[in-house]
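# Structure at a glance
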Amino acid sequence: MSEKIITKKDVEYVAKLAKLELSEEQKEIFSQQLNDILSFFAKLKELDTEQIPPTWHLVASSEHFHEDIVQPSLPQDTVLGMTRYQENGYFRVPRIL
Amino acid sequence: MSLNELTVIDYLEMIRKREITVEQVIKDTIKHIDRVDEVLKSYLYINREEALKEAKKLDKTIKNNKDIPPLAGLPIAVKDIICTKGIETTCASKILKGFIPPYDATVVKRIKEAGGIIIGKTNLDEFAMGSSNESSAYQVTLNPWDITRVPGGSSGGSAAAVAADETLIALGTDTGGSVRLPASFCGVVGIKPTYGRISRFGVIAYASSLDQVGILGKGVKDVAVLMNIICGYDSLDSTSVNVSVPDFLSSCREGINDLKFGLPREFFSQGLHSEVKEKVMKCIDKLCQLGGKVEETSLPNIEYALPAYYLIAMAEASSNLAKFDGVQYGLRIEDSGDLEDMYLKTRSQGLGAEVIRRIMLGTYALSSGYYDAYYLKAQKVRTLIKRDFDNVFQKYDLLICPTSPVPPFKVGERIADPITMFLTDVYTLPVNLAGLPGLSINCGFTNRENLPIGLQIIGRSFEEEKILRVAYNLEQEWKEIKAKKPNLSFLKDQSL
């Protein structure tokens, strides 16, 4: 593909935002593939959309409300039971600082 | 005849007449899965004990002449992206290995309440991201019509299971064609109803503004039966639409001479395989013979649908998949590092290449400085695509086109080139952008290699009844196509 839209440095930055750790080899492959795909997406520039509103929702009736009734949620031990990393009713994670 | 070969309609009739038992059907189905699935690899999990237990319970109810529930023990395969209480749900990803949902998705709950039996969980492209099933982290499902070819994706496990009689019917999900494309590749019926028609509560999200649950079955009436059970409003899904649910089975009746069909010329242009075109044109002759009025029409912006679709899907995916961080469930890779390090290692080792590629592109498209140029632009183009459909649907009841531009391709043929893989969905994904209902039905086979070809029928929002009626009329005309089954001769090579 002709122009380079995304550099290896961009790939590293985006990976950081997405909480992904890439090997040197992956960085190379992704910079190439991401460039190819973004060049392909550039086709959209052909269309003048200045006056066109975006479609965020397909469902027109997005304003439906329901009664505020308290419903039971999942029991704590069921939720904590999905991981072995738990302690005293909390999820346990590695040190944060 | 082995009972797993039954259609849903025949099954329900034979159960009600007490000619067969649920247990016999479940046993035949599991026996057949054990015979063929070592090769086809449709299933990630087979619900052996639980399915048999349920079958015995239902047989007792039926024997005691109590009210027979509407699905009466019908075995149903469920795509492994739909949560099943107590049964591992992986999305065919390593990051969800060991995740056992504490609740059922609404669709599964409704099936169980109607007396349906979950026979197993089917394979898919990881997190439904793919068109071939090759991005599954666990196995590649093969096409029962030719085991050197892909079954299509992402609901390829469900489609192959239905085609090879490993179940009577199956659930899939469709974000850009993931029910209709594998239905086409495996020669079965696949329907993606209108966005909002079926609850997505408990369906693990890929792209929330596009995802919809769909059904894959052996016949049009079969999918209509299941539509009647799973469609309808659900307060647990904020995108669920509160409209009345008609009796879809009664829409499968004869006569289409009141209907007007549009053929979007853009779907018959370059890139369309000649034999696919030939078979689809034959269908159009058939529709005319049956009294339908058919005209050529145009969706002028459709060539922009593919890039707009993938930008929106990837952006939404990058946001939806941020929750897989190793903290609460699924995989966690933890060594001496801190929390950040755990996130990085878990996500990088738990997610596959296709998923990482889409998260990267989605994150980029949403990041500061690029949002307007990519994501916002794509959402505006989406408006244009939707307007194109609105325009043609003022004049026509339905649109007719191929489901896929090509017949099933070989395993490995497209996996190295992401853009070529994206192009497989070129006729299906515009339907998701506009939230419309669409159905794929087998309309014939390629001459030399005998591979199924799918016809796509697209309707107005919430007009699934017309789609089913047309599909049913075509099916009645094509009895020999429906009767044809994949030749499972590959089994002879196996020492089973």
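For the structure given in this document, a descriptive report is provided here. Values in this document were obtained by computation on a predicted structure and should not be read as measured data.

Calculation criteria
Residues numbered from 1 in each chain as written. Chains lettered and ligands numbered in written order. Predicted model: local features only at pLDDT ≥ 70, side-chain atom pairs only at ≥ 80, totals over all residues. Heavy atoms only, no water. Helix = DSSP H or I, 4+ residues; strand = E, 2+ residues; numbered from the N terminus. Rg over C-alpha atoms; globule rule 2.2 N^0.38 Å. Buried < 20%, exposed > 50% of the residue type's maximum accessible area, 1.4 Å probe, protein only. Contact = heavy atoms within 4.5 Å. Areas by Shrake-Rupley, 256 points an atom, 1.4 Å probe, with all protein chains shown as cover. Lys, Arg positive; Asp, Glu negative; His and termini not counted. Charge placed at Lys NZ, Arg CZ, Asp CG, Glu CD. Buried area = accessible area lost by both parts, 1.4 Å probe. Salt bridge = Lys/Arg side-chain N within 4 Å of Asp/Glu carboxyl O. Polar contact = N/O pair within 3.5 Å; in protein donor to acceptor, adjacent residues only side chain to side chain. Nonpolar A, V, L, I, M, F, W, Y, C, P; charged D, E, K, R; others polar. Pairing = 2+ DSSP bridges. Right-handed = clockwise from strand over helix to strand, strands pointing away. Phe/Tyr/Trp six-rings, centres within 6.5 Å; stacked < 30°, edge-to-face > 60°. Lys NZ or Arg CZ within 6 Å of the ring centre and 35° of its normal. Expected span 1.5 Å × (residues − 1). Bend = angle between axes of the 7 residues up to and from the residue.

Time to look at the overall build of chain B. Looking only at helices and strands, one finds 16 helices and eleven strands in chain B. The globule rule puts the C-alpha radius of gyration for 496 residues at 23 Å, and the 22 Å found for chain B is close to it. Expressed as lengths along the three principal axes of its C-alpha atoms, the size of chain B is roughly 65 × 55 × 50 Å. Burial statistics for chain B: of 496 residues in total, 67% are counted as buried. Pairs at least 24 residues apart make up 76% of the contacts formed inside chain B by residues separated by at least 6 positions. As displayed, chain B has an accessible area near 16700 Å², and 48% of this comes from carbon and sulfur atoms. Side chains of chain B carry 60 positive and 62 negative charges; the gap between the two charge centres is 3 Å.

All right, on to the interface of chain B and chain A then. Taken together, the contact between chain B and chain A spans 70 residues of the former and 45 residues of the latter. Counting the surface lost from both chain B and chain A, the interface buries some 5400 Å², and carbon and sulfur atoms represent 72% of this. Linking chain B with chain A are four salt bridges. Residues E334 of chain B and R92 of chain A are paired through a salt bridge, measuring 4.0 Å at the closest nitrogen-oxygen approach. Summed over the shared surface of chain B and chain A, the number is 15 residue pairs in polar contact (both at pLDDT 80 or more). Secondary structure elements with two or more residues in the side of chain B that touches chain A: helix 9 (305-320), helix 10 (339-350), helix 11 (353-366), helix 12 (372-395), helix 13 (418-423) and helix 14 (429-433) of chain B. Looking at the side of chain B that touches chain A element by element, the count peaks at 13 residues for helix 12 of chain B. Along the lines of polarity and charge, the residues of the side of chain B that touches chain A split into 40 nonpolar, 16 polar and 14 charged.

We now examine the pairing of strand 7 (residues 260-264) of chain B. Residues and elements named next belong to chain B. Among the five residues in strand 7, four count as buried, and that is most of the element. Strand direction decides the pairing type here: strand 7 and strand 8 (residues 293-297), joined by five bridges, are parallel. Bridge pairing in strand 8 links G262 to E295. Running through helix 8 (residues 274-289), the crossover from strand 7 to the neighbouring parallel element strand 8 is right-handed.

We now examine the packing of aromatic side chains. All names here are of chain B. Applying the stated criterion across every chain yields a total of 15 aromatic pairs over all chains. What links up through ring pairs into an aromatic cluster is the set F99, F127, F324 and Y329. Against the face of F445 rests K484, its NZ or CZ located 4.0 Å from the ring centre.

It is worth spelling out helix 12 of chain B at this point. Between its first and last C-alpha atoms helix 12 of chain B spans 34 Å; for 24 residues at 1.5 Å apiece the expected length is 34 Å, and the two agree. Considering bend angle alone, the principal kink of helix 12 of chain B is centred on A378 of chain B and spans about 25 degrees.

With that settled, consider unusual backbone geometry. Cis rather than trans, the peptide bond between G153 of chain B and S154 of chain B has omega equal to 10 degrees. Positive phi outside glycine occurs at N88 of chain A, with the angle close to 50 degrees. With a phi angle near 60 degrees, N450 of chain B is a residue other than glycine that sits in the positive phi range. Structurally, the position occupied by N450 of chain B is in the loop between strand 10 (438-445) and strand 11 (452-459).

All names here are of chain B. Burial analysis of strand 10 places eight of its eight residues in the buried class, which makes it a mostly covered element. The sheet contact formed by strand 5 (residues 189-192) and strand 10 spans three bridges and is antiparallel. When the bridges of strand 10 are listed, K192 appears paired with G438. Connecting the antiparallel pair strand 10 and strand 11 is a turn made up of six residues, with N450 showing a positive phi of about 60 degrees.

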